[in-house]
Amino acid sequence: MSILVALPVVLPLLAAGLSLILHRHRLAQRILSTVSVSAVLVTAVVLTVLVDHRGPQAARLGDWPATIGVTLVADRFAAMVLSVSAAMVLAVLVYAIGSPMARDTAQHFHPVYLVLTAGVAMSFLTGDLFNLFVGFEVMLTASYVLMTLGADRAQVRAAMSYVVISLVASMLFLTAVALTYAATGTVNMADLASRLTAIDPAVRHALSLLFLVVFGIKAAIFPLFFWLPDSYPTAPTPVTAIFAGLLTKGGVYAIIRTQTLLFPSSGASRLLLTVAAATMLIGVLGAIAQNDVKRILSFHIVSQIGYMIFGLALFSAAGLAATIFYIGHHIVVKTTLFLVAGLIEEREGTAALDRLGGMVRRQPLLAGLFLLSGLSLAGIPPFSGFIAKLTLVQAGVAAGTDVVVAVSLVVSLLTLFSITKIWAGVFWGEPEDAGLQVRPHPSVALPRLMVVPTVALVAISVAIAANAGSLWALSERAAAGLIDTGPYLEAVLR
Amino acid sequence: MMRSTILSTATTAVFHTAVLFSLYLLFAGHNQPGGGFAGGLVAAAALVVRYVDGGSETVRSLVRIHPMTLLGSGLVLANVTGIGAWLFGGAFLESAKWQWDAPILGVVKTTSALFFDAGVYLVVVALVLMVLRTLGEEGEPS
């Protein structure tokens, strides 16, 4: 049982070591990465089923008691997010193997990618604050390397600001953990849940705000999002796709975990509601102003994070369930869109809207993939985005937050507008600036290894919509587990 | 490159002592100050002194294994130590303890955590080797 909880962290790390030893054997590296990431996916799915039936599971590393040693905990929320993430990691891995970028830098890409996987798994499964810090650091250190793979001038410049802002956030994070330890004498989250209620409310609020700022930078919420649209688009496409799908969601996960477990609130939080509305609006306005597929999509990430914070801010079972469902939907759709953007770039040599046009005739499959996931992102029925937004709006109306609900609907409309802007620019019409157009090579087919995972992800997104009933029920159970923390505490502290 | 005689002589004197001290730190680490990380850093510092004295060629001929292989081995060793505990029915990273009478040293206590520390030691040394290699390389014309 405890083996299953630790496996998603241990397996990729072991594989990363083996991958380094095998750095001269490209095929062996590929097989190793694919096998280990698939194993993580299987473990995560099994874990989800298991914790859904038997309640949260904990693993004590080194068999030390929970409050002293390192604890890994899987509850429904963690296991669900981990499963979706592992599926994305696998899809992007296959895509990366097929793409030219990973071919050139393969011996570095594979080990670092596996370390990133371990970091992501650790951030989701950790049961104490300090290990959450370690998990984030493992994830970020790997991301610094991935972002600069290939090391051209624009990448290094963008990575510079990314590294600096991440380090600032990490310093704040470490300070917050130290202050929490000074105030309570523990960093174990289950232990903290009871001890934080005993300390001075002013200190408690200060800590709560500090953690919100720290994770807010990582999750790219307003007004701490400025680094994201600047740094993401320059990285190689598979890397941007996995960053877009997972890294900011690590921040959102940490916000949800700390706010529900450590600083639970009885009613809707006005601060979080304001932040959510501002994040949605500013993000989508930024997207409208852009003229490059990857930059538009990067601003959409920011906007979508706002929806997730909105559900959390309601602090109701329905709101949290909607947020959990939203995270699952968003990770899939966002990753898909970036993979499609990568295929466009691979095909036409650019992602700038004014240099592209008329691709619907040359690449009908690509157009179809983009349309399906784009409409899902905007929340058009019957796609998964519609269900995610509908449940969120229902929860918002039930809580009486009409203003934020109105904002979220307007933002949906604006999202649709910017998706149609990409559609019109890339797939319809002719390039505005014919002189600048990079001539496509009609004879060369798209690499199959890049197309297959993209199609698979669109299929997953459609499957989410088709199985919305059972997935929504699972989200509701996961949300209940976040509100009634009893079983979680018992699993860790028993 | 001009080599300084004073530095060369001092390096020869210091290098082996430093490596020996790093191994002492590695073995003492379980109950006393030291451990894989501190030991690895001392060994790496010894290699850096060699690098300053003789350049990247000296370091290359000293450690013939590719740093990436070394790095991977360290990571695998540390992981296998953790997984090993599972095979004996323990929790991940749970430490086992052995005690035996060695001919000269008397009663020696060994823990399985030593293998984990050895892994960390290798990772630290390999990382510094990698930095030394990269710094010593000619820049590719861009």
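Cut-off values and rules
- Residues numbered from 1 in each chain as written.
- Chains lettered and ligands numbered in written order.
- Predicted model: local features only at pLDDT ≥ 70, side-chain atom pairs only at ≥ 80, totals over all residues.
- Heavy atoms only, no water.
- 1 Å grid on protein atoms, 1.4 Å probe; cavity = no way out; pocket = protein on both sides within 12 Å on 5 of 7 lines; lining within 4 Å.
- Points joined across faces, edges and corners; volume = space filled by probe spheres on them.
- Helix = DSSP H or I, 4+ residues; strand = E, 2+ residues; numbered from the N terminus.
- Nonpolar A, V, L, I, M, F, W, Y, C, P; charged D, E, K, R; others polar.
- Contact = heavy atoms within 4.5 Å.
- Buried area = accessible area lost by both parts, 1.4 Å probe.
- Salt bridge = Lys/Arg side-chain N within 4 Å of Asp/Glu carboxyl O.
- Polar contact = N/O pair within 3.5 Å; in protein donor to acceptor, adjacent residues only side chain to side chain.
- Patch = residues over 30% accessible without salt bridge, like charges linked within 9 Å, V, L, I, M, F, W, Y side chains within 5 Å.
- Areas by Shrake-Rupley, 256 points an atom, 1.4 Å probe, with all protein chains shown as cover.
- Buried < 20%, exposed > 50% of the residue type's maximum accessible area, 1.4 Å probe, protein only.
- Pairing = 2+ DSSP bridges.
- Axes fitted to C-alpha atoms, helices over the stretch in contact; angles between N-to-C directions.
- Parallel < 35°, antiparallel > 145°, perpendicular 65-115°, else oblique.
- Left-handed = near helix turned anticlockwise from the far one by under 90°.
- Expected span 1.5 Å × (residues − 1).

## With respect to empty space enclosed by the protein
Here the idea is plain: a probe the size of a water molecule rolls over the atoms and shows the empty space left. Applying the stated criterion across every chain yields a total of four cavities of 30 Å³ or more. Its volume calculated, the largest cavity comes out at about 120 Å³. What lines the largest cavity is A:M139, A:L140, A:Y162, A:I165, A:S166, A:A169, A:I217, A:K218, A:W227, A:L247 and A:T248. Counting residues per element, the lining of the largest cavity draws most heavily on helix α7 (residues 153-184) of chain A, which supplies four residues. Around the second largest cavity, the lining residues are B:Y51, B:S56, B:V59, B:R60, B:V63, B:I65, B:P67, B:L129, B:L132 and B:R133. Looking at the lining of the second largest cavity, the elements that each hand over two or more residues are α2 (36-62) and α4 (113-136) of chain B. Examining the composition of the lining of the second largest cavity, we find that four residues originate from one element, α2(B), more than from any other. Split by residue class, the lining of the second largest cavity holds seven nonpolar, one polar and two charged.

## Observations concerning the interface of chain A and chain B
Of the residues lining the interface, 19 residues belong to chain A; the matching set on chain B comes to 16 residues. Overall, the association of chain A and chain B removes approximately 1500 Å² of surface from exposure, summing both partners, and the carbon and sulfur fraction of that is 79%. Its largest share of buried area at the contact with chain B, chain A owes to A:V10, A:L14 and A:L20, together 31% of the area lost on that side. Inspection of the region where chain A meets chain B yields zero salt bridges. For the pair chain A and chain B, the interface holds one residue pair in polar contact (both at pLDDT 80 or more). Counting residues per element, the ones that place at least two in the side of chain A that touches chain B are α1 (2-21) and α5 (106-125) of chain A. Partitioning the side of chain A that touches chain B into residue classes produces eleven nonpolar, five polar and three charged.

## Considering the layout of surface pockets
Residues and elements named next belong to chain A. The volume enclosed by the second largest pocket comes to roughly 520 Å³. What lines the second largest pocket is a set of 24 residues, and nearest its centre among them are M80, S83, V84, L471 and L474. When residues of the lining of the second largest pocket are traced back to their parent elements, those giving at least two are α2 (26-54), α3 (76-98), α14 (317-348), α19 (448-466) and α20 (468-483). Here the lining of the second largest pocket takes seven residues from α14, the largest share from any one element. Classifying every residue of the lining of the second largest pocket gives 18 nonpolar, six polar and no charged.

## Overview of a nonpolar patch on the surface
All names here are of chain A. The grouping of L27, I31 and V35 at the surface amounts to a nonpolar patch, some 300 Å² of accessible area in total. Tracing the chain through its elements places V35 in helix α2. Judged by relative accessible area, V35 falls into the exposed class, the value being 53%.

## Structural notes on the pairing of strand β1 (residues 97-102) of chain B
All names here are of chain B. Alignment of β1 against strand β2 (residues 106-111), held across six bridges, turns out to be antiparallel. Looking at β2, one finds that D101 is bridged to V107. In sequence, β1 turns back onto β2 through a hairpin of three residues.

## Re the pattern of salt bridges
Residue and element names in this part refer to chain A. Going through the model one piece at a time under the given rule, you end up with six salt bridges over all chains. Between R477 and D52 there is a salt bridge, and its shortest N-O distance comes to 2.8 Å. Here R477, found in helix α20, pairs with D52, found in helix α2; they are 425 residues apart in sequence, far enough to count as distant. According to the relative accessible area criterion, D52 is buried, its value standing at 17%. One salt-bridge network, in which partners are shared between bridges, spans D52, R76 and R477.

## Regarding the packing of α5(A) against helix α6 (residues 129-147) of chain A
Residue and element names in this part refer to chain A. Packing of α5 against α6 brings their axes to within 8 Å, and their N-to-C directions diverge by 155 degrees. It follows that α5 is roughly antiparallel to α6 by the angle criterion. Once α5 is placed against α6, the crossing between them reads as left-handed. Between α5, through F109, V112, Y113, V115, L116, G119, V120, M122 and S123, and α6, the contact on the second element is made entirely by N131, L132, V134, G135, F136, V138, M139, A142, S143, V145 and L146.

## A closer look at α5(A)
Taking 1.5 Å of rise per residue, 20 residues should cover 28 Å, and α5(A) covers 29 Å from first to last C-alpha, within 8% of that figure. With 17 of 20 residues buried, α5(A) is to be regarded as a mostly interior element.

## Here we look at the side chain of A:T43
Residue and element names in this part refer to chain A. Tracing the backbone shows T43 in helix α2. Side-chain polar atoms of T43 contact the backbone oxygen of A39, separated by 2.6 Å. T43 has contacts with L4, L7 and P8, leaving out every residue within four places of it along the chain.

## Points about the environment of A:P238
With respect to the helices, strands and loops of the structure, A:P238 is situated in helix α11 (residues 237-261). When the C-alpha atoms of A:P238 and A:A183 are compared, they prove to be 42 Å apart, with 55 residues separating the residues in sequence.

## Points about the side chain of A:H329
Along the chain, the position of A:H329 falls in helix α14. Residues within four places of A:H329 in sequence aside, it is in contact with A:S376, A:S384, A:G385, A:A388 and A:I464.

## Quick notes on the packing of α7(A) against helix α9 (residues 201-219) of chain A
Residue and element names in this part refer to chain A. As a packed pair, α7 and α9 sit with axes 9 Å apart at the nearest point and diverge in direction by 155 degrees. The orientation of α7 relative to α9 falls into the category roughly antiparallel. Where α7 crosses over α9, the handedness of that crossing is left-handed. Seen from α7, the contacting residues are I165, S166, A169, S170, L172, F173, A176, V177, L179, T180 and A183; seen from α9, they are V203, L207, L210, F211, V213, V214, F215, I217 and K218.

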